[in-house]
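The lines below spell out each chain.
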Amino acid sequence: MQIDPASKGFLAVFITVIVGTIAFFIASIFLDFGSNLVVQEIKFENSNFHVDIKRLESDKRYVIQVFNDKEAIAQEIYFGNDFGDKTVQVEAIDNGYKIFTTSSNEMFLTIDKDEKNFASLKVKRRVESKEKVLKDCLPLSNDEKVNWYGGPEQKNQKYPIQHFRFTDYAYITKELDSAGIMERYWFSSRKFFILIDYETPLFIDQNEHQICFTAKKELPYYTHNNVYEFNYKIGVSTSMKELHVSVINKYLGKPKGGMPDERLIRYPIWNTWVEFGREINESTVEVFAQTIVDHGYTHSLIDIDDFWEDCYGSGIVNTTNFGNLKALTSKLKSQGFIVGMWTHPFINKNCQPYYDEAVANNFLVKSHNGSTETSWWNSGTNEAAHFDFANPAALSFYRRRLEAIQRDFGIDVFKFDAGETSWYPTDPKFERDLDISPSQITRAFVEMAADFGNKLEIRVGWGTQNLHVLVRMLDFDSRWTADNGLKSLIPTLFQFNFNGYVFVLPDMIGGNQYGADVITKELFIRWLQASTFMPSLQFSHAPWHFHEDTIAITKKFIKLHADHADYILERFQLAIDKGEPVNVPVWWIDEDDYDAQTIDDQYLLGDKILVAPVIMDNATSRRIYIPSGKWQDGNSVTVYEGKMWIEDYPAPLDTLPYFIRIEEDEKQ
Ligand SMILES: *[C@@H]1O[C@H](CO)[C@@H](O)[C@H](O)[C@H]1NC(C)=O
Ligand SMILES: *[C@@H]1O[C@H](CO)[C@@H](O)[C@H](O)[C@H]1NC(C)=O
Ligand SMILES: *[C@@H]1O[C@H](CO)[C@@H](O)[C@H](O)[C@H]1NC(C)=O
Ligand SMILES: *[C@@H]1O[C@H](CO)[C@@H](O)[C@H](O)[C@H]1NC(C)=O
């Protein structure tokens, strides 16, 4: 080890090597790490947190150790190929240190936030070689069990997320695995977080022992230059709640410009998709709406989903199926509906002359070889192209086309489908913002969509937590299982909230009934119950397909949802004001309780309503964890005092177990 003599002069940065610290070094060397070498310690001024950079005697690797306020290791980060077993040098810089071997192999660690309960560092590396691969690894637990949160949206959603497994997984939005919301943020019950920059060409590997973050110049990222950065922030807090809310406020972002329209929160959205698929026309929509009204269901938005165009991507209404769309929308509005129409960012090759015009105008995403060919679920292989929202001319063309539909046909708003990066041609070529390719168009698409107001839905996000729109979970299958079925609904709700997307639109009640799936009465009702205290309800498979009692049960839960809409909106406001999540896991009440940390089938609305839906096939009762505090049973006069388990709470098909927290000052 060499320490640059210049480091004596760095005092601006609150990082001191004093006699006491040296004594501590010696103590910690003896206590924890045999003859491991402390290369540098980074002290925070306003807390007891500190960070050590060490070299392990065992395998000569370098490790960053982040210590909490009790001198325990909150997390270790082993870095990578770039330092290997070479001896590093340390140089003091503003607010931190440069660790390096040669001038082309250096890492900067600087203090970013230094607060009483929250401290963070920036870790930065810039690489100027395409061949160089950087890989930093975080052990997921040591001796004690650690739970992890955040991470990606996945079809087979895990919770807590140490249960995921990944191999060389490109960390951007993609259709595969339903990866619509993919913030690069992980945090743990040791009150540690890591947040990786959007500019880093990131891949992850995860097994039972560790999660590794790799940065490299490979597809699907931009590969046509030699430069990339591997930058992230790490930090620690005294509480997991405070950690998360701090990350939202300081880094990840929170909603800024308002919230979704309150009608979409109070009353259900009705969508034609599962009922009619692509076979829609004026009369099917009219009959669907009339049936909703005749049955006495409340409603907000009605979505005309899928094939209203004369060909996919024309943006022109098919007059065979919708000869008098304006009259239809007038009627729907007179029935109290907001009228929405599905839209997508594609154009099919056989959709002429629109496709050729879009090619001529340069409106489509091209591959580096000039090809615009791609595919989606409504095209044959390589029979479609994708609008280039990174191109301002294409963006404004697309926007004007939607505005014309609003104007000409009285459509209020759109359901914006797709938006994941995987729909572009492989190796897309953009003119600008190369270091955030290809994800920049996901962001551009979502921002364009959000200009259409606060009554719409999108299903992707990329640093767009600031927007006022509902974000839908990707299409669920109509099954009970965790494999994209009902059991993955609550874990996905947590993942959205912890990624900072709190205006969650759960997918359609009962799922999409794709393939051989069947939405049974039981699945439908349990799915509705599970969604009741989530922000919005969306029906598509109609409740009246089942026996009369289903209609009554459905209305009961629509009403229960509406009865709590004010509280949902209150929590939305709190998300805007303070960066608090809306729906959280049970540990939000008891964060150091290991049981609470792992519960994946109960959730909270705010900190007041505890929901424990039955999500198991044929079950008529369930085990429920009551966290600390006094909780009034929503179905009886019983008050429970946590922490406790209710072993066998009876929940026949018409019953949703839920509990309302009794506030301290309400007790007298
Ligand atoms: C509308 O679609 C339905 C269902 O596909 C079909 O039965 C009906 O004939 C169609 N109506 C018109 C006017 O095309
Ligand atoms: C409109 O829809 C009808 C019925 O699905 C289809 O036959 C026709 O090709 C579509 N396009 C136009 C331009 O009418
Ligand atoms: C262009 O590149 C894409 C993928 O990068 C490939 O699938 C396609 O075949 C190529 N097309 C031509 C015309 O070379
Ligand atoms: C639930 O009951 C149905 C019908 O009796 C049966 O087919 C299914 O296997 C049961 N599921 C479970 C998880 O027991």
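Thresholds applied
Residues numbered from 1 in each chain as written. Chains lettered and ligands numbered in written order. Predicted model: local features only at pLDDT ≥ 70, side-chain atom pairs only at ≥ 80, totals over all residues. Heavy atoms only, no water. Axes fitted to C-alpha atoms, helices over the stretch in contact; angles between N-to-C directions. Helix = DSSP H or I, 4+ residues; strand = E, 2+ residues; numbered from the N terminus. Parallel < 35°, antiparallel > 145°, perpendicular 65-115°, else oblique. Contact = heavy atoms within 4.5 Å. Nonpolar A, V, L, I, M, F, W, Y, C, P; charged D, E, K, R; others polar. Near = heavy atom within 4 Å. Areas by Shrake-Rupley, 256 points an atom, 1.4 Å probe, with all protein chains shown as cover. Pairing = 2+ DSSP bridges. Buried < 20%, exposed > 50% of the residue type's maximum accessible area, 1.4 Å probe, protein only. Disulfide = S-S within 2.5 Å. UniProt positions renumbered as here; feature names shortened; annotations may be inferred. Domains from an automatic or database assignment. Buried area = accessible area lost by both parts, 1.4 Å probe. Salt bridge = Lys/Arg side-chain N within 4 Å of Asp/Glu carboxyl O.

A. The packing of helix 6 (residues 325-334) against helix 8 (residues 392-409), seen in detail. It is at 8 Å that the axes of helix 6 and helix 8 come closest, and there the two elements cross at 75°. Relative to helix 8, the element helix 6 is oriented roughly perpendicular. Contact with helix 6, carried on its side by Leu325, Lys326 and Thr329, involves Arg407, Asp408 and Phe409 of helix 8 and no other residues of that element.

B. Region of interest: the packing of helix 5 (residues 282-294) against helix 6. Between helix 5 and helix 6, whose axes approach to 11 Å, the crossing angle comes to 5°. It follows from the interaxial angle that helix 5 and helix 6 lie roughly parallel. Here helix 5 contributes Glu282, Val285, Glu286, Ala289 and Gln290 to the contact with helix 6, which in turn contributes Leu325, Leu328, Lys331 and Leu332. Here the residues of the contact of helix 5 with helix 6 are counted per class, giving five nonpolar, one polar and three charged.

C. Molecular detail of the site of ligand 1. As a matter of local geometry, ligand 1 sits amid Glu279, Asn281, Ser283 and Thr284. Considered on its own, ligand 1 offers 360 Å² of accessible surface; in the complex 35% of this is hidden by protein. Each residue belonging to the shell around ligand 1 can be placed in one class, and the counts come to no nonpolar, three polar and one charged.

D. Local environment of the sheet that holds strand 32 (residues 609-611). Judged by pairing direction, the sheet is antiparallel, and its six strands sit side by side in the order 30-31-32-35-33-34 without closing on themselves. Looking at the sheet topology across the chains shown, the edges are occupied by strand 30 (583-584) and strand 34 (639-650). Bridge count for strand 33 (residues 621-633) against strand 35 (residues 658-661) is three bridges, and the pairing is antiparallel. The residue of strand 35 that forms the bridge with Trp631 is Arg661.

E. Structural context of the environment of Phe83. Following the sequence through the fold, Phe83 ends up in the loop between strand 5 (73-79) and strand 6 (89-93). On the basis of relative accessibility, which here comes to 0%, the residue Phe83 falls in the buried class. C-alpha of Phe83 to C-alpha of Lys643: the two residues are 560 residues apart in sequence and 48 Å apart in space. In contact with Phe83, other than residues within four places in its own chain, are Tyr62, Val88, Ile99, Phe100, Thr101, Asn105, Glu106 and Met107.

F. Focus on the state of the cysteines. Taken as a whole and assessed by the stated rule, the structure comprises two disulfides. Across the disulfide from Cys311 sits Cys351; the S-S distance is 2.0 Å. Judged by the sign of its S-S torsion, about 70°, the bond between Cys311 and Cys351 is right-handed. Within this pair, whereas Cys311 is found in the loop between strand 19 (301-304) and helix 6, its partner Cys351 is found in the loop between strand 21 (346-348) and helix 7 (354-360), the two being separated by 40 residues in sequence. Cys351 shares its class with Cys311; the two are buried.

G. Expanded view of the UniProt feature "domain: Glycosyl hydrolase family 31 C-terminal" (unreviewed entry) in the chain. This chain's UniProt record puts "domain: Glycosyl hydrolase family 31 C-terminal" (unreviewed entry) on residues 579-661. The distance from the first to the last C-alpha atom of residues 579-661 is 22 Å, and the span holds 6% helix and 45% strand.

H. Broad picture of the domain arrangement of the chain. Each assigned domain of the chain is listed here: domain 1 (1-32), domain 2 (36-252), domain 3 (262-343 + 410-425 + 437-574) and domain 4 (588-667). Here domain 2 and domain 4 have C-alpha centroids that lie 35 Å from each other. On the domain 2 side of the contact with domain 4, Asn147, Tyr159 and Lys241 bury the most area, a combined 49% of that side's loss. Linking domain 2 with domain 4 are two salt bridges. The residue Lys191 makes a salt bridge to Asp592 at a minimum N-O spacing of 2.7 Å. Ranked by residue count, the leading element in the side of domain 2 that touches domain 4 is helix 2 (residues 240-252), at four residues. Here the side of domain 2 that touches domain 4 is composed, by residue class, of five nonpolar, four polar and three charged.

I. Just the sheet that holds strand 16 (residues 210-215), in detail. As summarised here, the arrangement of the eight strands in space is 2-3-4-5-10-16-15-12, forming an open sheet in which the pairing is antiparallel. Of all the strands in the sheet, the pair left with one neighbour each is strand 2 (37-43) and strand 12 (166-170). Across the sheet, the axes of successive neighbouring strands diverge by a mean angle of 20°, strand direction being ignored. As paired strands, strand 4 (residues 62-67) and strand 5 are joined by six bridges and run antiparallel to one another. The residue bridging Val63 from the neighbouring strand is Tyr78, located in strand 5.

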